[in-house]
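Reading the structure
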Amino acid sequence: MTEYKTLKDLGDLHGKVAMLRADLNVPMDENFHVTNTARIDRTVPTIKTLMDKGAKVVVISHFGRPEGKGDMKNSLSHVAPELQKSLGKTVVFVDDCIGSKVADAVKNMKADEVLLLENLRFYDEEKKGDAAFAKELVKPADVYVSDAFSTAHRAHASMVAAAKERPAAFGLLMEEEVNALSKGLNNPDRPLMAIVGGSKVSTKLDLLNNLVKKVNKLVISGGMAHTFMKASGVDTVNESNSLVQMDMIDTAKEIMKTAQANNCEIILPVDVVVAKEFKPMAEHKTVDLAHIPAEGWSLLDVGEKTIAAINAKLAECKTLVWNGPLGVFEMKPFDNATNKVAAKAAELTAAGKLTSVAGGGDTVSALANAGVENKFSYISTAGGAFLEWMEGKELPGVVVLKK
Ligand code: AMP
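All values reported here derive from a predicted model rather than from experimental measurement.

This paragraph deals with the overall build of the chain. Helix and strand content of the chain: 15 helices and 15 strands. In terms of overall dimensions, the chain is globule-like: its C-alpha atoms have a radius of gyration of 23 Å, near the 22 Å expected for 403 residues. Summarising its shape, the C-alpha atoms of the chain cover approximately 75 × 45 × 40 Å along the three principal directions. Burial analysis of the chain (403 residues in total) assigns 54% to the buried set. Of all intrachain contacts in the chain linking residues separated by at least 6 positions in sequence, the fraction that spans at least 24 positions is 72%. Charged side chains in the chain number 49 positive and 52 negative. The centres of these two groups are separated by 4 Å.

Right, let's talk about the sheet that holds strand E8 (residues 217-220) for a bit. Strand order in the open sheet made by the 6 strands is E9-E8-E7-E13-E14-E15, with parallel pairing throughout. Each of the sheet's edge strands pairs with one partner strand only, and the pair in question is strand E9 (265-267) and strand E15 (378-379). Bridging between strand E7 (residues 192-196) and E8 involves 4 bridges; their strand directions are parallel. Paired with Val 196 across the strands is Ile 220, a residue of E8.

Turning to the domain arrangement of the chain, a few remarks are in order. By a frequent convention, interface size equals the accessible area lost on bringing the separate parts together. Under the domain assignment used here, the chain contains domain 1 (7-173) and domain 2 (180-390). Computed from C-alpha coordinates alone, the two centres of domain 1 and domain 2 are separated by 37 Å. Considering only the side of domain 1, the residues that lose the most area to domain 2 are Arg 42, Phe 149 and His 153, jointly responsible for 69% of the buried surface there. Remark: the boundary between domain 1 and domain 2 carries 0 salt bridges.

The next thing to look at is the packing of aromatic side chains. Within this structure, the stated rule accounts for 4 aromatic pairs. Between the aromatic rings of Tyr 123 and Phe 133, the centroid separation amounts to 5.4 Å while the plane-to-plane angle is 35°, which identifies the pairing as tilted. Separated by 10 residues along the polypeptide, Tyr 123 in the loop between strand E4 (113-117) and helix H4 (124-128) and Phe 133 in helix H5 (residues 131-138) bring together distant segments of the chain. Since its relative accessible area comes to 15%, Tyr 123 is described here as buried. According to the relative accessible area criterion, Phe 133 is buried, its value standing at 4%. Taken together, a centroid distance of 5.6 Å and an interplanar angle of 50° make the contact between Phe 386 and Trp 389 tilted.

Let's shift gears to the pairing of strand E2 (residues 56-60). Of all 5 residues in E2, 4 are buried, a share of seventy percent or more. As judged from the 5 bridges shared by strand E1 (residues 17-21) and E2, these two strands associate in the parallel manner. Bridge pairing links Arg 21 to Ile 60 in E2. This β-α-β element, E1 to helix H1 (residues 38-52) to E2, shows right-handed connectivity. The sheet contact formed by E2 and E4 spans 3 bridges and is parallel. When the bridges of E4 are listed, Val 58 appears paired with Leu 115.

Glancing now at the site of the ligand. Ser 199, Lys 204, Leu 299, Glu 330 and Asp 362 are the nearest of the 14 residues found near the ligand. Contact distances for the ligand include 3.2 Å between a nitrogen atom and a backbone N or O atom of Gly 223. In this structure, Glu 330 approaches the ligand through a side-chain N or O atom, which is 2.5 Å from an oxygen atom. Its free accessible area being 500 Å², the ligand has 80% of it covered by the protein chains. Partitioning the shell around the ligand into residue classes produces 5 nonpolar, 6 polar and 3 charged.

Here the focus is the pattern of salt bridges. Inspection of the entire model under this criterion finds 24 salt bridges. Note that Lys 217 and Glu 265 form a salt bridge whose closest N and O atoms lie 3.3 Å from each other. With Lys 217 in strand E8 and Glu 265 in strand E9, this residue pair connects regions lying 48 residues apart in the sequence. Residue classification places Lys 217 among the buried residues on the basis of a relative accessible area of 11%.

Mapped onto the elements, Arg 121 comes out in the loop between E4 and H4. Lacking a salt bridge, the buried Arg 121 has Glu 126 as its closest oppositely charged neighbour, with an N-O distance of 5.3 Å. Setting aside chain neighbours within four positions, we find Arg 121 in contact with His 62, Gly 64, Pro 66, Glu 126, Lys 127, Thr 151 and His 156.

What counts and how
Residues numbered from 1 in each chain as written. Predicted model: local features only at pLDDT ≥ 70, side-chain atom pairs only at ≥ 80, totals over all residues. Heavy atoms only, no water. Helix = DSSP H or I, 4+ residues; strand = E, 2+ residues; numbered from the N terminus. Rg over C-alpha atoms; globule rule 2.2 N^0.38 Å. Buried < 20%, exposed > 50% of the residue type's maximum accessible area, 1.4 Å probe, protein only. Contact = heavy atoms within 4.5 Å. Lys, Arg positive; Asp, Glu negative; His and termini not counted. Charge placed at Lys NZ, Arg CZ, Asp CG, Glu CD. Pairing = 2+ DSSP bridges. Domains from an automatic or database assignment. Buried area = accessible area lost by both parts, 1.4 Å probe. Salt bridge = Lys/Arg side-chain N within 4 Å of Asp/Glu carboxyl O. Phe/Tyr/Trp six-rings, centres within 6.5 Å; stacked < 30°, edge-to-face > 60°. Right-handed = clockwise from strand over helix to strand, strands pointing away. Near = heavy atom within 4 Å. Polar contact = N/O pair within 3.5 Å; in protein donor to acceptor, adjacent residues only side chain to side chain. Areas by Shrake-Rupley, 256 points an atom, 1.4 Å probe, with all protein chains shown as cover. Nonpolar A, V, L, I, M, F, W, Y, C, P; charged D, E, K, R; others polar.

Here is the structure:
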């Protein structure tokens, strides 16, 4: 990690105040109980390291989509007990993120305590990237550290302007994310395979256009494969049995042309699972492309021949990046292809033959459903930021921490 500033670059932190921009935007139930603590747990090593280096740590984050100040539903006070539990140290909550209350709280901090400030998005200036707000925010701090990779695609005040105000560095989680993702796409061992699934082509155009220029093999599956199948002459796929987007056919053809020019092999389904209804355990059968029923059945997964083909190609690869399920994984048995390919990737990873990186919204749930969430080389905590990174875009919250 020579390209970016890391904790080492901040030097000795004894007696200094370190402001840590974390992403504590965790899921919560209606009683304000945190239902998944992954984002909290993964930033704790950074807090501990900063404390070990002698710093007083002040944690800042956004939470939800608040409607202005005082929207208690979106108060970070609900997260403080979980942070305290995960950290094993007293967490003092301050009900503002700027101003005299914060200054006093920092002054009165005891050794071994951590401060958590109120939701940054209680101020509109946060989302606007306002430089004056960022200046106010970092006032009590000597150094700035960011662990919020999952917000790095947003040029918000606490992500970019604040980082310019103080000596700044990646936290350990951010360092881990950027390292893993760079190994996946920027500097991968080849052959490199990408798997892109999910529902619609139209939402993943930038992603596909970037990938065909970078990867050696591109698996297109899920609902979005239907448009590519139609574009490559599979006439049995139609709008009544699948998610074909007729207005995207020419775009799909263009993407396939670019792939060919870049020696990227596109792998499309050769058989599919069709179901009578869109519901779990619906009546279903596996058919070759020539035998897709014209009406009354929907394509909800890919079949065993396709799974075998993907897994055989995967075994030839050294790196995999994955976004999007291969079928409707939320309903059994249409999670079959996703599960079997995930299991193969996990097996190759365990054998030391494959670096496997995955991320983006539904992919994390799909891989958890397949039981492999701890068996990939890296599963990103980020949704939108992971997608934008796969699209080849620069993430402002990462770029600002370049050396
Ligand atoms: P995305 O958010 O674009 O990654 O799409 C994820 C969604 O795609 C999941 O909810 C899947 O159920 C859905 N999906 C995957 N394959 C299909 C399919 N063949 N037909 C309909 N939806 C699908």
